[in-house]
Amino acid sequence: MKQMMIVAGMALCIACGSARRMPEGDMQGARENASLENGRHQYMKYCQKCHPMGEEGLGPALNNKPTPGFVEKFQVRHGLGAMPAFKKDVISKKDLGDLIKYLHTRKKAKRLS
Ligand code: HEC
């Protein structure tokens, strides 16, 4: 009988443990990390060669001014001067959102944005 109680207790523990293992906050954190990681990947693929780590390169520094995300998105979609445009078939809407989010973490490191 005592053994039954222990087994039942363990089952209960496992059940509540699994519900508790991923609370909403952690789930959000995991999603946030995944999108930042994707943003970093997109940045490295498309922007790094001209804006190394957000610093000045062939293009100007991006991490030294509080340019809002929508302006940066416009620049990416339309290009300007020596900067090419990146359309939706190259950088999807979600990927660009992640990319800008990542760029802003680079600015945060400099206390901008
Ligand atoms: C081929 C090089 C090149 C690539 C690749 C490139 N850029 Fe640029 N970028 C430039 C140049 C050059 C300018 C300055 C354009 C001008 O003002 O004539 C610029 C300007 C910008 C600006 C405006 C900055 C300011 O201070 O006015 C933003 C924002 C920007 N780039 C973001 C990006 C992002 C995000 C990516 C990746 C998707 C990217 N760029 C890829 C060359 C590049």
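All values reported here derive from a predicted model rather than from experimental measurement. (Residues numbered from 1 in each chain as written. Predicted model: local features only at pLDDT ≥ 70, side-chain atom pairs only at ≥ 80, totals over all residues. Heavy atoms only, no water.)

Chemist: So what exactly am I meant to see when it comes to the layout of surface pockets here?
Modeler: Remark: the empty space left among the atoms is shown by a probe the size of a water molecule rolled over them. A volume near 440 Å³ is recorded for the largest pocket. H51, P60, L62, Q75 and M83 are the residues nearest the centre of the largest pocket, which is lined by 26 residues in total. When contributions to the lining of the largest pocket are tallied by element, the ones reaching two or more residues are α2 (24–46), α3 (69–78) and α4 (93–108). Its residues assigned to classes, the lining of the largest pocket shows 18 nonpolar, four polar and four charged. (1 Å grid on protein atoms, 1.4 Å probe; cavity = no way out; pocket = protein on both sides within 12 Å on 5 of 7 lines; lining within 4 Å. Points joined across faces, edges and corners; volume = space filled by probe spheres on them. Helix = DSSP H or I, 4+ residues; strand = E, 2+ residues; numbered from the N terminus. Nonpolar A, V, L, I, M, F, W, Y, C, P; charged D, E, K, R; others polar.)

Chemist: Which parts of the structure should I look at to understand the coordination of the iron atom of the ligand?
Modeler: Distances from the iron atom of the ligand to its protein donors, H51 (NE2) and M83 (SD), fall at 2.0 Å. Its six donor atoms give the iron atom of the ligand angles of 85 to 180° at the centre, a pattern that matches the octahedral case. Placement of the pair is H51 in the loop between α2 and α3 and M83 in the loop between α3 and α4, with a sequence separation of 32 residues. The pair H51 / M83 is uniform in exposure class, with both members buried. (Donors = N, O, S within 2.8 Å, 3.2 Å for Na, K, Ca; no water. Tetrahedral: all angles 85-135°; square planar, octahedral: opposite > 155°, others 65-115°. Buried < 20%, exposed > 50% of the residue type's maximum accessible area, 1.4 Å probe, protein only.)

Chemist: Looking at this structure, how should I read the confidence of the model for the protein chain?
Modeler: Parts of the model with low pLDDT should not have their predicted coordinates read in detail. Overall, the prediction assigns the protein chain a mean pLDDT of 85, with 80% of residues at 70 or greater. At the level of individual helices and strands, the protein chain shows its lowest average pLDDT in helix α1 (residues 2–21), which scores 54, and its highest in α3, which scores 97. (pLDDT = per-residue confidence, 0-100.)

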